[in-house]
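Residue-level structure breakdown
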Amino acid sequence: MRRRGSRLPSRTRRRRRSGRRALSAPAWPAGSPRSGRSTAWQSTITMLPRMWSCPCRLATPFTFWRCMKIGTEAILFEIRLKRQNETVIPSELPLVQELTSTLREWAVIWHRLYVENKKTLFRQVQQMTYCLIEWRSQILSGTLPKDELAELKKKVTAKIDYGNRILGLDLVVRDDNGNILDPDTTSTIALFKVHETASKRVNERIQEEKSLQQDLGLRGQSIFNSTHTYGLYVNVKNFVCNIGEDAELLMSLYDPDQSLFISESYLVRWGSTGMPKEIEKLNNLQAVFTDLSSSDLIRPRISLVCQIVRVGHMELKEGKKHTCGLRRPFGVAVMDITDIIHGKVDDEEKQHFIPFQQIAMETYIRQRQLIMAPLITSHVIGENEPLTSVFNKVIAAKEVNHKGQGLWVSLKLLPGDLSQVQKDFSHLVDRSTAVARKMGFPEIILPGDVRNDMYVTLVNGEFDKGKKKTPKNVEVTMSVHDEDGNLLEKAIHPGAGYEGISEYKSVVYYQVKQPCWYETVKVSIAIEEVGRCHLRFTFRHRSSQESRDKSEKAFGMAFVKLMNADGTTLQDGRHNLIVYKGENKKMEDAKCYLMFPGTKVEMEDRDGPSVKHQPHITNFTPTKDSTKDSFQIATLICSTKLTQNVDLLGLLNWRSNSQNIGHNLKKLMEVDGGEIVKFLQDTLDALFNIMMEMSDNESYDFLVFDALVFIISLIGDIKFQHFNPVLETYIYKHFSATLAYVKLTKVLNYYVGNAEDASKTELLFAALKALKYLFRFIVQSRVLYLRFYGKTEDGDEFNNAIRKLFLSFNVLMDRPLEEAVKIKGAALKYLPSIINDVKLVFDPVELSVLFSKFIQSIPDNQLVRQKLNCMTKIVDSDLFRQSECRDVLLPLLVDQLSGQLDDNSNKPDHEASSQLLSNILEVLDRKEVGPTAVHIQLIMERLLRRINRTVIGMSRLSPHIGSFVACMTAILRQMEDSHYNHYINTFKTRQDLIDFLMETFIMFKDLIGKNVYANDWMVMTMMQSRVFLRAINQYTSVLNRVFLDQTSFELQLWNNYFHLAVAFLTHDSLQLENFSQAKRNKMVKKYGDMRKEIGFKIRDMWYNLGPHKIRFIPSMVGPILEVTLTPEPELRKATIPIFFDMMQCEFNFSGNRNFHMFENELITKLDQEVEGGQGDEQYKVLLEKLLLEHCRKHKYLSISGEVFALLVSSLLENLLDYRTIMHDGSKENRMSCTVNVLNFYKEKKREDIYIRYLYKLRDLHRDCENYTEAAYTLLLHAELLQWSDKPCAPHLLQRDSYYVYSQQELKEKLYQEIIAFFDKGKMWEKAIQLSKELAEMYENKVFDYEGLGSLLKKRAMFYENIMKAMRPQPEYFAVGYYGHGFPSFLRNKIFIYRGKEYERREDFNLKLLTQFPNAEKLSSTTPPPDEIKASLKQYVQCFIVKPVMNLPPNYKDKPVPEQILNFYRANEVQQFTYSRPFRKGEKDPENEFATMWIERITYTTAYSFPGILKWFEVKQVTTEEVSPLENAIETMELTNEKISNSVQQHAWDRTLPVHPLSMLLNGIVDPAVMGGYTNYEKAFFTEKYIQEHPEDQDKIELLKQLIALQMPLLAEGIRIHGEKLTEQLKPLHDRLTSCFKELREKVEKLYGVITLPSSLTERKQSRSGSVVLPYIMSSTLRRLSITSVTSSSTSSDSTSSRPGSDGSILEPLVERRISAASRTEELSAKEDGENRINKFKRKEWSISKSQVIVEKEPEAELTSKMNMLGKARPKSLQLGETRLTLLQASSFQQAMPLSPPPITPKTPRTQSFPSLQADGLAVMNAQNSPPPPPPKSKPYENSNGRNSMEVAPPLPSRREVRPPPPPPKARKSGALSSEQGLQ
């Protein structure tokens, strides 16, 4: 982009000129921080997509700097784009603009991939981005040539399309030049085909990438399929061999299976210094073996062979007297390159080592090795062997003892011919690269490939040794001479890479009589010189001594002429040459020896005079018997100008041999195709000259015709397909036979007319295949004739010939199908190919008529596909582009298509039909074809409805569905408004019109819902949507005009319209807000927002309904809701009032004057839509606002409408919260929102939706393993059912429903699932309760005894689990959420959470803060001030609370086992307490306990635990204070209970270890800690205290009695301790006994005597172990001691949990009573929810008359005293929970194991205290230690009624055990505000 009238910054101009250098280094603009100046540069950076925070910045420094370079480029671009507010215009190419937008779009996705950690795709996009940036820089540089720019454009577009596909972006459709297509100017069919092509191309690219990653072998196969010519690139890196002399390396490709050289040699001359002879070739020894065909690549084996020829002395001897310059064989190197040729290995960088194998051990070397190294080479090949056998032996050898000698080469297979390779692999192949051609033609011969090479191979020879004792060392010298004996300079090429030489000297074999050379050289001679030239070979003996060698002269010569006497070139193959001997001068005189035969074949065939009759050459010995010498060569001609075929040559020279014309014409069809195409023009000239000049002989016409057909067919072969342009050039530039058309049409007519002749079938078939070019000859001949003679010369002869030809074809096609099927198919296939040529010389309209009759002559149901394909080709011809011709052809085409698409058609050919229809419509959409309105109308009338029905009936998986939909769309797009009106008027009856509209609406809706095109075909989809929208709007006018009256109203038709319109509006492709900003802007600019147009039309059509509206309620509520939920403000404002119109309509027309149908339907659909992702906060506000506005204006709906509007708004709020939280990671929040929605639907009595959300909640619990809560959730569903046979309503069945019929069956299934969940959650008590109900049904209703038996077995297992299985009790946590930063359903509220098993407070806090990472944890447990509650931040307060036990009445006053009581300590609880110590009055330094008070807070939740959630909101908070005296009483109660529990455990289970009992007893009876009682005496038993607190007299007495009660318990404990005594504990037991004696005396003296009856401590064998707690868990210990830290002496965190035992086998020892007034007060308070858990619900310690022996006072006095105490006794006196006594220290408790191992019933149950001897006893022995902090409220206590007591008061009737659902989400007008709950 460039500012108007401004120049680019100089740096920018330099970057554009620099091309690739633009990205070579980061360019820091002037003024940047790097430059030291401060400018607006920093502000420009903000315009970029955060390049400085690039994700790869952290990868490596290299990556960072590369991103910096990218960033610089982008910054400069933005500077040009964004400088102030100046006008900018695009100055870049469209491709550069596309590149820029693509890079920006990819950058966003690239960042997202990094965030999502998709590494593979991230790296892939990174590499593609780098490529695009580099290419963009090259394009911007403006330095690329036009062809390179076009090639780069292809690469860029291919990369963009590939990247878009793997990133899921839209497919970009382009024309052939790579430019983006404009859909407005492109026909629908063309657009569809371009989409298909682009998609296929991208898919192929993706498959290529996959195959490259999976198997390189597949890559080779794909190359074979697409390319016909290849090259092998060879780069010689090094050659290591100990030669000591110069050498020649001759490399070539070799087939070891056929022992055949494939290519000519590549020559490398290597110096004796170990480097190339030409130093400039160092590191540049490269060659390409070209012209390899696919047949070469599929050879089983192929090798790269290298012959090493030493150039120097005869032997490796040092000396000046030896002959130099001899070429001696030295060795070979062979490598199998089959894998490389097959494409399995493709690494141009890899260096392959080719081991060297020496051929012969020469004398000198052999002697040196015998002296220096006796172990000679193990693999030695004889020198006399031919090289082919040498190669084969080396190939067969498994190993070569190369000793590190050999070649290092790199190889790569390159697809394409030489020019293509140089273009595609310019980095490898350049002009300096040697080119070694294949010895033969490539698979495809190009017309411009002029070649005239002859390959001559010196095969072998045999030479007489003459007078020598040993065979000669023969050297063959080869040269090329003309007929005068002149030497042709540089005509011989020994190998590629060097210029030609004049003479070639062969390798010399040492003393070999029959040397085998197999040396091949190339002879290149100008074509005009070939007939005059011959090859001459001279033979010379070479001596190793230089002096002798100079005297040696040639002892013989041989020659061969390159052209035979008949004008043909020397035949390929081996030739045995005659070796002539004589004088050297005579042997050099060409005139002398050319008179003689050169080969032995010539000698045998020659009849001329004998050589001996030639006196002037008597020194020659020409006869084959006169010499024993022989010499054999092999030749191969690769020439595009020379022929070796006598018949072809005879045809070309037909005038000189006219009597053989017929023979030569017949033989022509046996000539190799390569020979014919070399002389194509000459051959055609000869054929037409024969036809014209020999016109009197008609037999030649047929022969010439057949020969012409043969040549045309030959050109059609893939090998010669590139000669098509040559043939066409000949026809239009060189062809001159003006009357040839007469003869050609005559012969063709004869063949077609006599098609029944079997002998002519193959000739006719070949002629039909060649029909296209035959008619080009005919037409060109006719054109030439008309040009010279005009039309009047032959009258109408030509036209009649054409008419006669078509008539013959018609007769042929009308014959029975069995006859000439092949000919008929060929006629249909090839006849349309003549149209474009024939119409030049024949009337197009008449030609159209001829073709119409030709098509009509084919019987119906015969050759259907061929007929349709024939018509498709007619449409593709120029004929169909003329309007007059279309008038003739189109009715026929439409008729044929109509028959194919007819409903009664048996097997319609959809593929051919769609192709024909597509081509017709594409032609009609072009501007240059003339008027088309009539033709469109014809197609519309005849085909539109048939196409619609075809689309409706066709499977969406059919490969042709897309084509038919495109055709239908094209017809609708090309129809004008007048076409629509006309088409509607064509329907004869009203029902036909209804059927058509119904079909169309249904089809449109189906196509919109199930798009037949791929998701990335955005352009095609949008074009289709625009066409559909126009058609829908056209049809709506029909609805309003025809089907709206009261008498003519069609409900189903209107209903289909509305559903279609809504489906269109809500289609994914139109939801602009789901797209990127760039795509959104592009779509709005191109297509606009089509949702608004259709939405407004829906509104108008609704209001048009008038009185018919009521018929669409409630069915249209859902569709209209979908419309209103579309996030488009204008559309929402326009369509939401329809809801009010529906309310008003139902209100007016319903008899009940309400709108319940609308209300229920809206609620149902709203739930579905919001859950599906629709709707937002703006919609909620707008919906409420508009409904309220309309309702308040209405006379009758002002009240009910307003209520409904607020109700819907509330529902939307809940649903939006629910949907938001559903995407949250916190499942707790999801559960809360689910419960809120759940309760809303319960209030509205929408059981169907209510049940659906129940199961969502169930699934959440199940995923979190909250099995108990999942069971309670399902229980809510079961409560909706009855034990009856009533059928189940559909809404009662859950989403994964059982297949049941009655409610009883469903409830039974639910109970079974609930019981299973309770079992998993270890809630066996609840499982037993449900199983009893289920068993009652099994036993008394359905009589399913088998099921009953199974159920009872489960129940028995539950009972056993209760008593024996380990069941840790959960902690309960109070959590307060303070501050406005929390959601409304949490803000300033307190919740009680039920923890998981073994979940500690630290873990719970961590989970809480993880859920709210921005929240701040409050350290204090006091209620926060108002400032925190009003803060915008988030504050969390969390602490442990203790549940208040609610014991069922059936356990009252009974010896309940500990395991049973433990369940009720943590379950079925609704109240929780938290105690906090504080001081009142002045601190007493001598007794701090006297002023220590307890503040006890009681929290009451909305529902009891456990329930459908693991947390419930606190609905009531009460606070009370506990005095020091009451605290002391509680402490003594707990101490006594602790002793009692321990005693009864040891009494019932003698296997328990004695150490815990020892510690307990020692801590109480040891005099060192007697200070505890002393503190009580000092604080409460003094006269001063009694006088100051006379109201506490009863409490003081109770405290004294509790002290006295401790004595018999201690006595029983010491007795048991003595029974289980060990030797180690004997001293301790003695001390315990003496101390207890003193203690007992003192206590009994002061406080009296209480004795326990012996029956209470006797062991009952029948229930052994049943009341013993298997293990007291550490979680229980922690839960039982909750006191916050307020002083240095007390701490809630340091005070560990006390082992608890709320029940005991000992009967109560203190009798308690509750006054009637207290009970009444308690019952009356039940309505407030405070007394749902009675404080007397668990096993208590009480004193009964039958169980207590009072020695100090008579029983009556004691009873009366207790009655007096009952009125004022505090609730803390009720013993219900095991607590630590004042003698148990914190360290002792902390030593309890947190997770004790599970035990079996038979395992001795122990309670270990690891810190007994360390911390425990030290603390216990502390002198004068004060009593422990006051205990917290007991589980059975309540906030009220502290001064009342009674022995086991009756419970109020217990409510249903199933918990109610949690409360609905409270609105602002809720019953209990947040502040009230926290006060």
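In case you missed it, the structure is sitting above this.
Per-chain numbering applies: the sequence of each chain, read as written, is numbered from 1 onward. Per-residue local features of the predicted model are confined to residues with pLDDT of at least 70, and side-chain atom pairs are confined, for both listing and counting, to 80 or more; whole-chain, interface and lining totals are unaffected and use all residues. In computing side-chain properties, one takes all heavy atoms of the structure into account and sets aside hydrogens as well as water.

**Some thoughts on the side chain of His1194**
- A run of DSSP states H or I qualifies as a helix once it reaches four residues; a run of E qualifies as a strand once it reaches two. Both are numbered from the N-terminal end. Secondary-structure assignment places His1194 in the loop between helix H46 (1177-1193) and helix H47 (1198-1222).
- Throughout, exposure labels follow a simple rule: accessible area from a 1.4 Å probe, protein chains only, divided by the maximum for the residue type, with under 20% read as buried, over 50% as exposed, and the rest as partly exposed. Accessibility expressed as a relative area gives 15% for His1194, which makes it buried.
- A distance of 3.1 Å separates a polar side-chain atom of His1194 from the backbone nitrogen of Leu1197.
- Working rule for contacts: check all heavy atoms of both residues, and any pair within 4.5 Å makes them a contact. With near-sequence residues (within four places) excluded, His1194 lies in contact with Phe1140 and Gln1144. In the analysis that follows, any N or O atom pair within 3.5 Å is treated as a polar contact, provided that within protein one partner can donate a hydrogen and the other can accept it, and provided that, for residues neighboring in sequence, both atoms belong to side chains.

**Brief notes about the sheet that holds strand S18 (residues 533-541)**
- Read from one edge to the other, the open sheet built from four strands follows the order S16-S14-S18-S19, with strand pairing classed as antiparallel. Strands at the two margins of the open sheet, each flanked by one partner only, are strand S16 (503-505) and strand S19 (554-561). Strand-to-strand, the axes of this sheet are offset by a mean angle of 20 degrees, without reference to chain direction.
- When DSSP finds two or more bridges between a pair of strands, those strands are recorded as paired. Across three bridges, strand S14 (residues 474-482) lies against S16 in antiparallel orientation. If you follow Met478 over to S16, its bridge partner there is Tyr504. Under this scheme, a helix contributes an axis fitted over its contacting stretch, all axes are lines through C-alpha atoms, and angles between N-to-C directions fall in the 0 to 180 degree range.

**Thoughts on the sheet that holds strand S17 (residues 516-524)**
- Within the open sheet, the five strands sit side by side as S15-S17-S13-S21-S20. Their pairing is antiparallel. Strands at the two margins of the open sheet, each flanked by one partner only, are strand S15 (492-493) and strand S20 (573-577).
- The pairing of S15 with S17 spans two bridges and is classified as antiparallel. Paired with His493 across the two strands is Lys522, which belongs to S17.

**A short note on the nonpolar core**
- Working definition of a nonpolar core: buried Ala, Val, Leu, Ile, Met, Phe, Trp, Tyr and Cys residues. They are joined through side-chain atoms within 4.5 Å. Counting residues in hydrophobic clusters, the biggest one holds 344 residues, and the most contacted among them are Phe777 and Phe1139.
- If one sorts the elements of this core by residue count, helix H38 (residues 1018-1042) sits on top with 13 residues.
- If sequence neighbours within four positions are ignored, Phe1139 has contacts with Val1117, Ile1120, Leu1121, Thr1124, Phe1158, Leu1162, Tyr1179, Leu1183 and Leu1187.
- Among the nonpolar cores identified, the runner-up in size contains 40 residues, and Cys306, Ile341, Leu413 and Ala496 belong to it.

**Here we look at the pattern of salt bridges**
- Salt bridge, as applied in this entry: a Lys or Arg side-chain nitrogen positioned within 4 Å of an Asp or Glu carboxyl oxygen. Applying the stated criterion across every chain, the model contains 82 salt bridges.
- A salt bridge links Arg174 to Asp161; the nearest nitrogen and oxygen atoms lie 3.1 Å apart. Residue Arg174 is located in the loop between helix H6 (146-166) and helix H7 (188-214), and its partner Asp161 is located in helix H6; the two are separated by 13 residues in the primary sequence.
- For Arg174, a relative accessible area of 8% corresponds to the buried category.
- A salt bridge links Glu911 to Arg865, with the nearest nitrogen and oxygen atoms 3.1 Å apart. Of this pair, Glu911 sits in helix H33 (residues 910-924) while Arg865 sits in helix H31 (residues 864-876), and the two are 46 residues apart along the sequence.
- Among the residues examined, Glu911 registers a relative accessible area of 42% and is labelled partly exposed.
- With a relative accessible area of 36%, Arg865 lands in the partly exposed category.
- When salt bridges with common partners are traced through the structure, they connect Asp482, Glu483, Asp484, Glu529 and Arg532 into a single cluster.

**Some thoughts on a nonpolar patch on the surface**
- The patches described consist of residues with a relative accessible area above 30% and no salt bridge, like charges being joined within 9 Å and nonpolar side chains (Val, Leu, Ile, Met, Phe, Trp, Tyr) within 5 Å. All accessible areas in this document rest on Shrake-Rupley with a 1.4 Å probe, and a residue is counted as covered only by the protein chains that are shown. A cluster of nonpolar residues, Met275, Ile279 and Leu282, forms a patch on the protein surface that exposes about 250 Å² of accessible area.
- Position of Met275 among the secondary structure elements: in the loop between strand S6 (266-270) and strand S7 (285-293).
- Using a relative accessible area of 34% as the deciding quantity, one classes Met275 as partly exposed.

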